[in-house]
There are 2 protein chains.
Amino acid sequence: MHDHDHDHCVAEALTRAEAICADRGARLTDLRRQVFELVLGSHRPVGAYDLVARLGESGGKPVAPQTVYRALDFLIEQGLVHRIASLNAFVGCSHPQVAHAGQFMICTRCQEVAELGDPAAVTGLIDRAAAQGFTVQSVSVELTGICAACRGRGL
Amino acid sequence: MHDHDHDHCVAEALTRAEAICADRGARLTDLRRQVFELVLGSHRPVGAYDLVARLGESGGKPVAPQTVYRALDFLIEQGLVHRIASLNAFVGCSHPQVAHAGQFMICTRCQEVAELGDPAAVTGLIDRAAAQGFTVQSVSVELTGICAACRGRGL
DNA sequence: TCTCCGCTGTTACAATATCACACCGACTTG
DNA sequence: CAAGTCGGTGTGATATTGTAACAGCGGAGA
């Protein structure tokens, strides 16, 4: 469907990630890089235990859940990965340079996830909350529905 | 903090719920009512297993998780309860008459949750998604932060 | 009465996430 | 160099959340 070159987009994202981490003095270790590659490469939400399994296959040594969760925590902290609460899953971030809230469109047919990218909506929500005396720390927006591709295929 | 009368607000909500279910021919059974009361009465997000425990205490007979989840599914379907994905928890809905998307402000200090009630934001998100070819089925907005009461107390 | 169907009970299990503690290597500090 | 510190990882056990599969029960209607 997406005819983009996954390998290329993964490589590019990795390069960006390294730059970002270097800037901040954050350590993008082997393990963290591997997890990041897997999340990016799948290009859809991935469960933590999927990652555990895949690392076990490729790496030789089995990896414990804790290990993966720690790597994910790091990546999320750096804004390289988002967590999708409604799916208990994780996706690579499409533009980690800019700090931003997670806003996702989740297709219930093909499981693909796209970022909505509507900063105005986020600031609107924050303002509205502020008007009610609530100081916002984080924002999470998750839409489920049918993506354009699936709809085009008549699904 | 909230000096409102919980008993009264629970009773009122129950009355509304009965009316709504009666209207729709949905069966608000004893079990479902008990679960609903517990969710409402706590007036904050409650985990499914909290409910299991409380039902076990009060009711005499221990209750299985499955039982609680089924009751919750029903209540959610009727719009009487919302699920908060980021907390794996459930809250009573403050205005179940009107179908609406879940929009929550979650206080990280006191764990209280309030509904934001910003339908314009929701329609905005839906429109934006539609512009990208995405047909929305459900919307979930969850803000974390500090509520007015906690901020007032200098926390 | 008989049958269907929705609700509940029960057992087992799957999936997700965290705790506690040990080790290792890099880096600092004396 | 020795000693201490700290972040990252390994490891085993365990907590928490959510489902599957199947059985029984009781009311509504043919």
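The structure presented is a predicted model; accordingly, all values stated were derived computationally and were not measured.

Enquirer: How would you sum up the interface of chain B and chain A? Please name residues and give values.
Expert: Size of an interface, as often reported, equals the accessible area lost when the parts are brought together. With 35 residues of chain B in contact, the opposing surface of chain A contributes 35 residues. In total, about 2,800 Å² of surface goes out of reach between chain B and chain A, with carbon and sulfur atoms giving 55% of it. Taken together, the connections running from chain B to chain A amount to two salt bridges. Notably, a salt bridge pairs A:Arg128 with B:Asp118, separated by 3.7 Å at the nearest N-O pair. Taken together, the connections running from chain B to chain A amount to 18 residue pairs in polar contact (both at pLDDT 80 or more). The set of elements that each furnish at least two residues to the side of chain B that touches chain A consists of strand 3 (102-107), helix 5 (119-131), strand 5 (135-146) and helix 6 (148-152) of chain B. For the side of chain B that touches chain A, the element with the highest residue contribution is strand 5 of chain B, accounting for 12 residues. A class-by-class count of the residues in the side of chain B that touches chain A yields 16 nonpolar, 14 polar and five charged. Alignment of strand 5 (residues 135-146) of chain A against strand 5 of chain B, held across 11 bridges, turns out to be antiparallel. Opposite A:Gly145, over in strand 5 of chain B, you have B:Val136 as the bridge partner.

Enquirer: Which residues make up the relation of the copies chain B and chain A, and what are the values?
Expert: Between the two copies, chain B and chain A, the superposition gives an RMSD of 0.1 Å; the rotation angle is 179 degrees and the shift along the axis is 0.0 Å. Taken together, the rotation and translation relating the two chain copies correspond to the operation of a two-fold axis. Considering only C-alpha atoms, the part of chain B nearest the rotation axis is B:Val141, at 2.3 Å. Interface overlap between copies: 100% of the residues of chain B at the interface are likewise at the interface in chain A, consistent with a symmetric, same-surface contact.

Quick notes on the rules
Residues numbered from 1 in each chain as written. Chains lettered and ligands numbered in written order. Predicted model: local features only at pLDDT ≥ 70, side-chain atom pairs only at ≥ 80, totals over all residues. Heavy atoms only, no water. Contact = heavy atoms within 4.5 Å. Buried area = accessible area lost by both parts, 1.4 Å probe. Salt bridge = Lys/Arg side-chain N within 4 Å of Asp/Glu carboxyl O. Polar contact = N/O pair within 3.5 Å; in protein donor to acceptor, adjacent residues only side chain to side chain. Helix = DSSP H or I, 4+ residues; strand = E, 2+ residues; numbered from the N terminus. Nonpolar A, V, L, I, M, F, W, Y, C, P; charged D, E, K, R; others polar. Pairing = 2+ DSSP bridges. Least-squares fit on C-alpha atoms with pLDDT ≥ 70 in both.

Without other data, these values stay purely geometric and don't point to any function.
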